[in-house]
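Structural description and commentary
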Amino acid sequence: MGSCPSLPRKFMEFPTIFSITEDEIDLNNLLAKITLSSTGAAAIFTGMVRGMTSRGDAHETEYLEYEAYVPMAEEKMKQVAEEIRARWPTVEGIAIVQRVGKLFPKTPTVLIACTAAHRDTGVFEAARYGIDRLKEIVPIWKKEVGPGGEFWVEGDYIPKAGE
Amino acid sequence: MNHVKLLFFATLRDRAGAKSIELDVPAELTVQGLKDKISDEYPNLRDSMSSVIITINREYAFDEAVIPLNAELAMFPPVAGG
């Protein structure tokens, strides 16, 4: 990596990982990459395929098939990480990973992890913000397949100008 | 004329029957103009145009936006990652 004098020193030191992958999400590997010598806390959110849904329209899920507009999705993940850093400057490392393809119940599909020096720095809220924003602006979709047939799951967020 | 690429995802791809198309559009065409053109030329997509999300060069775009030369456009429903 070359020198980049326009960026604050902090941003260069703090690791940010964002990716769309077809591979299994390796939590230990990701966590190691966003742990610095100054890190003492990590908040990790992961979502998985739910086989049995009881809330709302109760149903069973055989599998979910995920797809993404990959280059835009990775750009928007980077934007989510920048938004996290703007709101919680104490956050050190950030990892945002979405797995795509055909994924079966109990399989982790997404991971948002934020690290910080201490747990009372907003690191929980930062990870929560990350998953909420991913579901709003990162172009990923999933088709649900179950005993009742298949249908696309659609979100309800309409992005605003500048998002 | 302006030669653009239009990508479809999720429900839009199913209805279009294609992952992407290339098309020539008039210079200075707006996003609203593109929706009108797609409605006219692709009847399967007509019902989707009122709620579709459109991007220009991987950024969200709105009805008044003018489509730049050789743009990469995409159409899709509200996102549902996670």
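Refer to the structure presented above.
Computed from a predicted structure; not experimentally measured.

1. Focus: the overall build of chain A
Within chain A one finds four helices and ten strands. Start at the N end of chain A and walk to the C end: the helices and strands fall as α-β-α-β-β-β-β-α-β-β-β-α-β-β. Whereas a compact globule of 163 residues would reach a radius of gyration of roughly 15 Å, chain A reaches 17 Å, a difference of no more than 12%. Taking the principal axes of the C-alpha coordinates as reference, chain A spans close to 55 × 35 × 30 Å. Each of the 163 residues in chain A was classed as buried or not, and the buried ones make up 31%. When contacts within chain A are restricted to residue pairs at least 6 apart in sequence, long-range pairs at least 24 apart make up 74% of them.

2. Some points on the overall build of chain B
What chain B contains, in helices and strands, is two helices and five strands. The C-alpha atoms of chain B give a radius of gyration of 12 Å, which matches the 12 Å a tight globule of 82 residues would have. With the principal axes as the frame, chain B shows a C-alpha extent of 35 × 25 × 20 Å. Across the 82 residues of chain B, 32% fall into the buried class.

3. Remarks on the sheet that holds strand 10 (residues 149-153) of chain A
Residue and element names in this part refer to chain A. A sheet is described by the order of its strands in space; here four strands give the open sequence 7-5-9-10, paired in antiparallel fashion. One side of each edge strand has no neighbouring strand; the edge strands of this open sheet are strand 7 (101-103) and strand 10. Mean inter-strand twist for the sheet, computed between neighbouring axes without regard to direction, equals 20°. Sheet topology places strand 5 (residues 63-68) next to strand 7; three bridges connect them, and they run antiparallel. Paired with Leu64 across the strands is Leu103, a residue of strand 7.

4. Topic: the environment of Ile53 of chain B
Counting through the fold element by element, Ile53 of chain B comes out in strand 3 (residues 53-56). Overall, Ile53 of chain B belongs to the buried group, with 20 C-beta atoms counted inside 10 Å. Separated by 21 residues in sequence, Ile53 of chain B and Ala74 of chain B place their C-alpha atoms 8.1 Å apart. Residue contacts for Ile53 of chain B: discarding those within four places in its chain leaves Ile158 and Pro159 of chain A together with Tyr60, Phe76, Pro77 and Pro78 of chain B.

5. Details of the interface of chain B and chain A
Facing 17 residues of chain B, the contacting portion of chain A comprises 27 residues. When contributions to the side of chain B that touches chain A are tallied by element, the ones reaching two or more residues are strand 3 and strand 5 (72-76) of chain B. The residue makeup of the side of chain B that touches chain A, split by class, is twelve nonpolar, four polar and one charged.

6. Points about the pairing of strand 3 of chain B
All names here are of chain B. Inspection of the sheet shows strand 3 paired to strand 5 by four bridges, in the antiparallel sense. Residue pairing across strands places Ile54 opposite Met75, the latter belonging to strand 5. As paired elements, strand 3 and strand 4 (residues 59-61) share three bridges and run antiparallel to each other. Bridge pairing in strand 4 places Ile54 opposite Ala61. Hairpin connection, strand 3 to strand 4: the antiparallel pair is bridged by two residues, and Asn57 has positive phi, about 50°.

Calculation notes
Residues numbered from 1 in each chain as written. Chains lettered and ligands numbered in written order. Predicted model: local features only at pLDDT ≥ 70, side-chain atom pairs only at ≥ 80, totals over all residues. Helix = DSSP H or I, 4+ residues; strand = E, 2+ residues; numbered from the N terminus. Rg over C-alpha atoms; globule rule 2.2 N^0.38 Å. Buried ≥ 20, exposed ≤ 12 C-beta atoms within 10 Å, placed from the backbone. Contact = placed C-beta atoms within 7 Å. Pairing = 2+ DSSP bridges. Axes fitted to C-alpha atoms, helices over the stretch in contact; angles between N-to-C directions. Nonpolar A, V, L, I, M, F, W, Y, C, P; charged D, E, K, R; others polar.

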